[in-house]
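These are the residues of each chain, in order.
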Amino acid sequence: MTSTSEQPTQQPTGVAPWWRDAVVYQVYVRSFADADGDGIGDLAGIVDRLDHLETLGVDAVWLTPCYPSPQLDHGYDVADYFGIEPMYGDLSTFDRLVEAARARSIRVLMDVVPNHCSSQHSWFQAALAAGPGSPERARFYFRDGRGPNGDEPPNNWRSVFGGPTWTRITEADGSPGQWYLHTFSPWQPDFDWSCPDVVAMFDAMLTFWFDRGVEGFRVDAVAVVGKAPGLPDAPPAPEGTAENDVWSHNPYSVFWPTAHEHWRGWRTLLEQYERTHPGRELVTVSEAYTPDRPDLLLQYVNPQEFHQSFCFDLMLAPWRVDTLRATIEPVYEALTASGAPLTWTINNHDTQRSVTRYGRADAAELSSWTKNNLVYTGAPVDLALGTVRARAAITLTASLPGSLYLFQGEELGLPEVLDLPDAVRQDPIFERTDGREPGRDGCRVPLPWTADQATSFGFSFGSASHLGRAVGSPWLPQPDDWGTYSVAAQQHDPASMLSLYHHLLSARRSRLDPDAGLGFVDVEHPDLLMLRRGDVTVVLNVGDAEIDLASLVPTLADAEVVISSAPGHDDAGRLPANTCCWLAPR
Ligand code: NOJ
Ligand code: MG
């Protein structure tokens, strides 16, 4: 048994900012809690349910976009960056939320969408009206089409949500007009960041929300901001690339470097804000999928650009010792070597829920690793197995140095809802691929809080009388057994997923030294992953048979089980199947 990596020391906690090892809870606003009974989550609902987050022990919440929006990508189509979507509340409800969260020592982060806005944004509407060559059109990518009548798209790029990345408009005089570029859906036109208006608008936006008490932003889709000059045709994607993965192979739109100067501008703005507002400690976390490429991650997370950048690699890794280690170790080593903060996550609103992923029959196969969270295998799911593994996966993830991002409902062990009727699906991916891809609705089903089906399991608890109907039609239907996953059903059950999350967050604080590095330990067992954080040893059994740890690592036989993903497991000498636990010397 040898230790393979040294345990370098991170920045001492005395000077570490709050976010360095924070637990951030992602609230998908539409689906968290619905205080006015219209079936759609809202800000007042979040205020009412803050106790849950306080009890869980999170340091911050990240709100998915709650700006005015036609909701064609559920808020990632922003019509006004300076307001609140009326179905979610208004600015005064927002202020009340920030205040109520602060009273519980929970910071509020928002979500900023810089790559695109809604086609209903006043700038886009003005661009449509203003005509080719106008300054209004220069804020977006408007181009003439190819072909004799201009009726072919300006280039061959494919959009993330299916179909071409271009849509043709009708000019104000009724004639067939120019085309505009949209990396996502046609309702999400891309901004051209070489236009100074765009830069200035986002600077004003960040400041506007910081002034309202927001402590930072999750930054959407940074990898596609900025495009190659001339917008050249993309080379063909590798043979066999899935339909909705073609976009990610376009070198002229993904990781094109020009955006970095803008992120540097944001960092300067934030630091200036902190200087003029003592006591404020702001954070940005960028969203870029960089599987296997810590070097790319470092282009975003560095002292000149973003404070953090999501590492999604764990979310995409098969349930195997070799792949889990090969996922964690290089990222840890590369980021730590350059002093960059780490973040870890195993769930978000774009990805099938972990309970379902880990329950797939091919969860341990290399071929299941698509490296794209929008491309799923259809292998059959064993939910009981998936749940046991998801418990182990979060126990491992919570032990890693850096911050931890949770997605609402994972603490309840919610599965992906795979059988939503086509008629209720709302994700544009479903529509844009003509139903070939189910999309992401299955992880966005409204949360269950109680066993009461009449109130959508406690999701809608206000009065809907002003709407002329009873409470109880959530925007996506909840499965009949949703109540068994509810907070009420789990909160007093020591063996529940909710209790595990609660204990994990508290053990992170009390038993892990945030300054302790991470060191993997080689062990002679194909199903055993072992790592050290200071005096805590973390062991994970990815196999379906118990491991006799006492024989394999005799020094651990008498250790204390600090926390285990297997309820009732308190014998360090044996490690049950698909279980992760933290061990400490007695
Ligand atoms: C990434 C977001 O997480 C996703 O939900 C959204 O659809 C796209 N960016 C477009 O904004
Ligand atoms: Mg509502």
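Everything discussed here concerns the structure shown above.
Source: prediction; values computed, not measured.

Colleague: Please give an account of the sheet that holds strand β9 (residues 308-309) that cites residues and values.
Modeller: Pairing in this open sheet of eight strands is parallel, and the strands run β9-β8-β7-β3-β2-β1-β11-β10 from one edge to the other. For this open sheet the edge positions go to β9 and β10 (343-345), each flanked by a neighbour on one side alone. As defined by bridge partners, strand β2 (residues 60-63) adjoins strand β3 (residues 107-112) across three bridges and the pair is classed as parallel. Residue pairing in the sheet places Trp62 in a bridge with Leu109 of β3.

Colleague: Before we move on, could you go through the site of ligand 1 and cite the residues and values that matter?
Modeller: Lining the immediate surroundings of ligand 1 are Asp73, Tyr76, His116, Phe161, Phe184, Arg218, Asp220, Glu287, His349, Asp350, Arg440 and Arg444. In this structure, an oxygen atom belonging to ligand 1 sits 2.5 Å away from a side-chain N or O atom of Asp73. Contacts to ligand 1 include His349, whose side-chain N or O atom sits 2.8 Å from an oxygen atom. About the coverage of ligand 1: the protein hides 97% of its 300 Å² of free accessible area. According to the grid-proximity analysis, the pocket containing ligand 1 is the largest pocket. Here the shell around ligand 1 is built from residues that sort into three nonpolar, two polar and seven charged.

Colleague: Account for the coordination of the magnesium ion (ligand 2), with residues named and values stated.
Modeller: Around the magnesium ion (ligand 2), the protein supplies Asp34 (OD), Asp36 (OD), Asp38 (OD), Ile40 (O) and Asp42 (OD) as donor atoms, at distances of 2.2 Å. Of note, the donors binding the magnesium ion (ligand 2) are all from one chain and are spaced D-x1-D-x1-D-x1-I-x1-D. Each of the two residues, Asp38 as well as Ile40, counts as buried.

Colleague: Give a detailed account of the layout of surface pockets, specifying residues and quantitative values.
Modeller: In this structure, the largest pocket occupies an estimated 660 Å³ of space. Classifying every residue of the lining of the largest pocket gives 15 nonpolar, nine polar and nine charged.

Colleague: Describe the pattern of salt bridges, listing the residues and the values that go with them.
Modeller: Taken as a whole and assessed by the stated rule, the structure comprises 27 salt bridges. Glu560 is the partner of Arg511 in a salt bridge, and the nearest nitrogen-oxygen pair spans 3.5 Å. Of the two residues, Arg511 is situated in helix α14 (residues 497-511) and Glu560 in strand β16 (residues 560-564); the sequence distance between them amounts to 49 residues. Looking at Arg511, the relative accessible area reads 28%, which means it is partly exposed.

The rules behind these values
Residues numbered from 1 in each chain as written. Chains lettered and ligands numbered in written order. Predicted model: local features only at pLDDT ≥ 70, side-chain atom pairs only at ≥ 80, totals over all residues. Heavy atoms only, no water. Pairing = 2+ DSSP bridges. Helix = DSSP H or I, 4+ residues; strand = E, 2+ residues; numbered from the N terminus. Near = heavy atom within 4 Å. Polar contact = N/O pair within 3.5 Å; in protein donor to acceptor, adjacent residues only side chain to side chain. Areas by Shrake-Rupley, 256 points an atom, 1.4 Å probe, with all protein chains shown as cover. 1 Å grid on protein atoms, 1.4 Å probe; cavity = no way out; pocket = protein on both sides within 12 Å on 5 of 7 lines; lining within 4 Å. Sits in = over half its atoms within 2 Å of the grid points. Nonpolar A, V, L, I, M, F, W, Y, C, P; charged D, E, K, R; others polar. Donors = N, O, S within 2.8 Å, 3.2 Å for Na, K, Ca; no water. Buried < 20%, exposed > 50% of the residue type's maximum accessible area, 1.4 Å probe, protein only. Points joined across faces, edges and corners; volume = space filled by probe spheres on them. Salt bridge = Lys/Arg side-chain N within 4 Å of Asp/Glu carboxyl O.

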